[in-house]
Structure formats: C-alpha cells, structure tokens
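Results of the structural survey
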Amino acid sequence: MKFTDQLRQENDPVWQQIFNCPFISGLTDGTLSMDAFRYYFIQDNKYCVAFYDLHQKIAKKMANKEQAYLLNHLVDLCNEITERSPIYDELKLTQAEIDSVPVAPTAYAYITNMYYQFEEEGIEAGTVSLVPCYWTYTEMFQNIRKKGYSTKPVYKDFIEFCSGDEFGSLNQKMLDLTDELADAATPEVREKMRLAFQYSSEYELQYWKMCVEHEQWILDQKKSNLLAQ
Ligand SMILES: Cc1ncc(C[n+]2csc(CCO)c2C)c(N)n1
C-alpha cells in the first residue's frame with residue numbers, strides 16, 4: 001500500500017468528522033451564516049500566507065532540485081488559481097479589513113505547528129504537514145459536487161472553486177511527492193511524517209469549528225463585549 005493511502009486510512013475517523021462538520025453542512029445547504037463565511041476568508045488569508053511561505057522555505061532546504069522546483073511551482077499555480085476566484089470581490093473583502101483582525105488561536109496553532117514540523121522535525125515532516133490542506137479540500141469538495149447540492153450563490157462559487165480539476169491535480173502532485181519522500185525515508189522519519197499528517201488533519205477539523213464559533217483570543221473577546229455594550 002502507498003504511504004499516502006496508509007495515512008488516509010489511519011486518519012479516516014478525523015476526516016469523516018471534517019466531511020460532516022457544521023461549517024461544511026451549512027455551506028452545502030445554505031444555512032451557514034455569512035458572518036462565519038467571512039470570518040473563514042479573513043483567517044484563511046493569514047493561513048495561506050504562511051502556507052505558501054512554508055513551501056518556499058522547505059524548497060530552499062531540499063537537496064533534490066526537482067522536488068524543490070515542484071514546491072515553488074505549486075505556490076505559483078495556487079496563486080494563479082486563487083487570483084481567478086470571484087469570492088474576495090463578492091465579499092468586498094479588503095486587505096485593510098483582513099489586517100485589522102488578529103490571527104485566531106486555532107489558526108495560529110495550525111500555522112505554528114507547520115513551522116515546527118519543518119524547523120524541528122525536518123523537510124519530510126514539514127512537507128507532509130502541508131498535505132491535509134490540499135487533500136481534505138480536494139476529496140471533500142469533489143464529493144460534494146458529485147453528490148449535488150443546493151445553496152447560496154456565493155457558497156456555490158466557493159464549492160465550485162475548491163472542487164475544480166486544477167486543485168485536484170495540485171493535490172496529486174503533493175501526494176506523489178509525499179510517497180517519493182517516504183520511499184527514501186528511514187522508519188524514524190516516516191513516523192515523523194505520519195504524526196505531521198495526523199496533526200494537520202486534526203487542525204483542519206478544528207479550523208472549521210473555529211469559524212463557526214468565531215473563535216477569538218479571550219482578551220479580544222472582552223474588548224468586543226465592551227464595545228457592544
Ligand atoms: C485551513 C485551510 N486548509 C486548507 C485550505 C485549502 N487550500 C489552501 S491553499 C490550497 C492550494 C491551492 O491554493 C488549498 C487547497 C485552506 N484554504 N485553508
């Protein structure tokens with residue numbers, strides 16, 4: 001069995017929770033609040049900055065130049081695809097609004113963990129920590145599109161965007177790279193890769209929950225409550 005198939009199987013209980021979480025069911029049937037959707041985009045902008053930065057930092061440390069090229073190339077392709085997304089315009093989301101909000105605790109923990117995996121556990125674990133991001137989206141949104149759904153136009157745009165074939169092909173490149181790294185790795189490194197995959201899978205789940213709960217740092221919550229009084 002491929003290493004990635006093994007990872008997918010092991011993490012199935014977490015992945016099923018992702019597929020069935022309230023954010024995703026609300027997105028698919030139109031009952032998700034626009035506030036939660038907007039919150040997701042503001043936080044995701046911060047997440048994606050770190051996510052792309054990590055691709056480039058890992059690439060710089062890779063001895064295999066083809067693998068390094070792939071990681072840098074993925075960033076260019078992701079940016080190119082994202083620029084075509086209509087959603088930032090539809091939400092009228094500005095950089096100033098994004099900058100005015102701090103990164104929320106769960107997003108912060110997810111981002112910090114990816115850097116930790118790379119800096120402390122190595123390029124293999126760092127690379128694998130990026131994989132659940134690509135793979136959970138690809139599998140979940142392609143399944144939603146296949147099954148069919150009826151939702152708000154802006155949620156439909158998001159689902160169509162995430163289930164596109166282009167994203168699917170980036171995911172496949174990431175899976176092939178992961179299997180290649182695992183084939184060359186020692187059992188100790190493979191174990192680090194396994195944990196990195198599990199942690200990012202669990203953070204993907206927590207991330208969706210964070211958006212529904214509009215998670216905030218406790219002191220920021222107190223400030224918003226005072227402003228609302
Ligand atoms: C928390 C979080 N996890 C996964 C993604 C999905 N994602 C981010 S970048 C990328 C590759 C193409 O741009 C994909 C699939 C996200 N947006 N936010």
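As annotated in an unreviewed UniProt entry, the protein chain carries the name Aminopyrimidine aminohydrolase and comes from Lentilactobacillus diolivorans. UniProt, in its Subunit (unreviewed entry) section for the protein chain, records the words "Homotetramer." Quoted verbatim from the Sequence similarities (unreviewed entry) field of UniProt, the annotation for the protein chain is "Belongs to the TenA family."

Within the protein chain, the regular secondary structure consists of 13 helices and 0 strands. Along the protein chain, helices (α) and strands (β) appear in the sequence α-α-α-α-α-α-α-α-α-α-α-α-α when read from the amino end. The globule rule puts the C-alpha radius of gyration for 229 residues at 17 Å, and the 18 Å found for the protein chain is close to it. Taken over the C-alpha atoms alone, the protein chain extends approximately 55 × 40 × 35 Å along its principal axes. For the protein chain, the proportion of contacts with a sequence separation of at least 24, taken over those separated by at least 6, is 83%. For the protein chain, the distance from the average position of its 22 positive side-chain charges to the average position of its 35 negative side-chain charges is 2 Å.

For the rest of this paragraph, the subject is the confidence of the model for the protein chain. Here the protein chain averages 95 in pLDDT, and 100% of its residues register 70 or above. For this predicted complex, the interface score ipTM comes out at 0.93, while the overall pTM is 0.95.

Those residues of helix α2 (residues 12-19) not exposed but buried are V14, W15, I18 and F19. In an axial view of α2, the angular spread of the buried residues amounts to 140°, which keeps them on one side of the axis. Looking at the buried residues of α2, the elements they touch are α1 (3-10), α3 (22-29), α9 (123-147) and α12 (187-213).

All right, on to the side chain of T138 then. Here T138 is to be found in helix α9. Residue class for T138 comes out buried when judged on its relative accessible area of 7%. Polar side-chain contacts of T138 include one of 2.8 Å to the backbone oxygen of Y134. T138 has contacts with F167, G168 and N171, leaving out every residue within four places of it along the chain.

Let us look at the pattern of salt bridges. Overall, the coordinates contain 11 salt bridges when judged by the stated rule. Between D53 and K57 there is a salt bridge, with the nearest N and O atoms lying 2.8 Å from each other. With a gap of 4 residues between them, D53 and K57 both fall in helix α4 (residues 34-61), about one helical turn apart. Taking the shortest distance from any N to any O, the salt bridge between E80 and R84 comes out at 4.0 Å. Using a relative accessible area of 51% as the deciding quantity, one classes R84 as exposed.

The rules behind each value
- Residues numbered from 1 in each chain as written.
- Predicted model: local features only at pLDDT ≥ 70, side-chain atom pairs only at ≥ 80, totals over all residues.
- Heavy atoms only, no water.
- UniProt positions renumbered as here; feature names shortened; annotations may be inferred.
- Helix = DSSP H or I, 4+ residues; strand = E, 2+ residues; numbered from the N terminus.
- Rg over C-alpha atoms; globule rule 2.2 N^0.38 Å.
- Contact = heavy atoms within 4.5 Å.
- Lys, Arg positive; Asp, Glu negative; His and termini not counted.
- Charge placed at Lys NZ, Arg CZ, Asp CG, Glu CD.
- pLDDT = per-residue confidence, 0-100.
- Buried < 20%, exposed > 50% of the residue type's maximum accessible area, 1.4 Å probe, protein only.
- Arc of directions from axis to C-beta.
- Polar contact = N/O pair within 3.5 Å; in protein donor to acceptor, adjacent residues only side chain to side chain.
- Salt bridge = Lys/Arg side-chain N within 4 Å of Asp/Glu carboxyl O.

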